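# Structure at a glance
Okay, here's what each chain looks like letter by letter:
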Amino acid sequence: MRTIFLLILIGCASIASYAQTQPQQPVVQKIGYADWDYIFAQLPESKQIESELKTFTTQLENQLKSKYQDYETKLKGYQGMPATTPDAIKADKERELGALQESIQKFQQDAQTSVQTKQNSLLEPVFSKVGKAIEEVAKENGYSFIINPQLIGGGDILLYNDEKYNISTLVLKKLGVTPAVTPVTKTN
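Because the structure is a prediction, the values reported are computed rather than measured.

We now examine the pairing of strand 2 (residues 143–147). Two elements, strand 1 (residues 30–33) and strand 2, share four bridges in a ladder whose sense is parallel. Within strand 2, the residue paired with Lys30 across the bridge is Tyr143. The pairing of strand 2 with strand 3 (residues 158–161) spans three bridges and is classified as antiparallel. By the bridge assignment for strand 3, Phe145 is matched with Asn161.

Below is the structure:
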């Protein structure tokens, strides 16, 4: 019995020694990409979002046109004033025209902000939905990284990453910095 046990022990040690001398197989990392424009264009929500944005933008443009027409009307009235018009009345009309110009400029700025805010509010649920789907597909298919091939508009380049490939702590240690312990948050 001792002989069999000794042979098994020697066999295990030989296998362990052999395994240590063999070169390690490289870690295979799968990298994929997701074309946001293509995905978004295929979603049923895309047409509705585009329609809502177009309607919202058209409403703002119509309001701006109305403000311009009001300004043009008052400008023509000012320009058509007789030369004998008192300076006080001319100055009052000039202030009114200046205030209208400022109002138009402010409206344009506010309109741009409103369009951006509206677009963000409409796209946020879609971004979340697509992001979750990308993460699920990446995990199900063994991808380490999913990238975004188009960065138009300053989008994210990395859409999914497997945290086991995060080398930030190693870099900090290499720089002589002891990393602070931070809680890991998962978005599932």
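This brings us to the pattern of salt bridges. With the rule as written, the count across this model stands at seven salt bridges. One salt bridge in this structure joins Arg95 and Asp92, with 3.8 Å as the shortest N-O distance. Placement of the pair is Arg95 and Asp92 together in helix 4 (residues 87–140), with a separation of three residues, close to one helical turn. Relative accessible area serves as the criterion here: at 56%, Arg95 is assigned to the exposed category. Looking at Asp92, the relative accessible area reads 43%, which means it is partly exposed. The partner of Lys132 in a salt bridge is Glu136, with the nearest N and O atoms 3.9 Å apart. On the criterion of helical spacing, the pair formed by Lys132 and Glu136 is a turn pair, its members being four residues apart in helix 4. Taking the relative accessible area as the measure of exposure, Lys132 reaches 51% and is therefore exposed.

This paragraph deals with a nonpolar patch on the surface. On the surface, Ile31, Tyr33, Ile147, Ile157 and Leu158 cluster together to form a nonpolar patch covering roughly 510 Å² of accessible area. Along the chain, Ile157 falls in the loop between strand 2 and strand 3. What makes Ile157 exposed here is its relative accessible area of 53%.

What counts and what doesn't
- Residues numbered from 1 in each chain as written.
- Predicted model: local features only at pLDDT ≥ 70, side-chain atom pairs only at ≥ 80, totals over all residues.
- Heavy atoms only, no water.
- Pairing = 2+ DSSP bridges.
- Helix = DSSP H or I, 4+ residues; strand = E, 2+ residues; numbered from the N terminus.
- Salt bridge = Lys/Arg side-chain N within 4 Å of Asp/Glu carboxyl O.
- Buried < 20%, exposed > 50% of the residue type's maximum accessible area, 1.4 Å probe, protein only.
- Patch = residues over 30% accessible without salt bridge, like charges linked within 9 Å, V, L, I, M, F, W, Y side chains within 5 Å.
- Areas by Shrake-Rupley, 256 points an atom, 1.4 Å probe, with all protein chains shown as cover.

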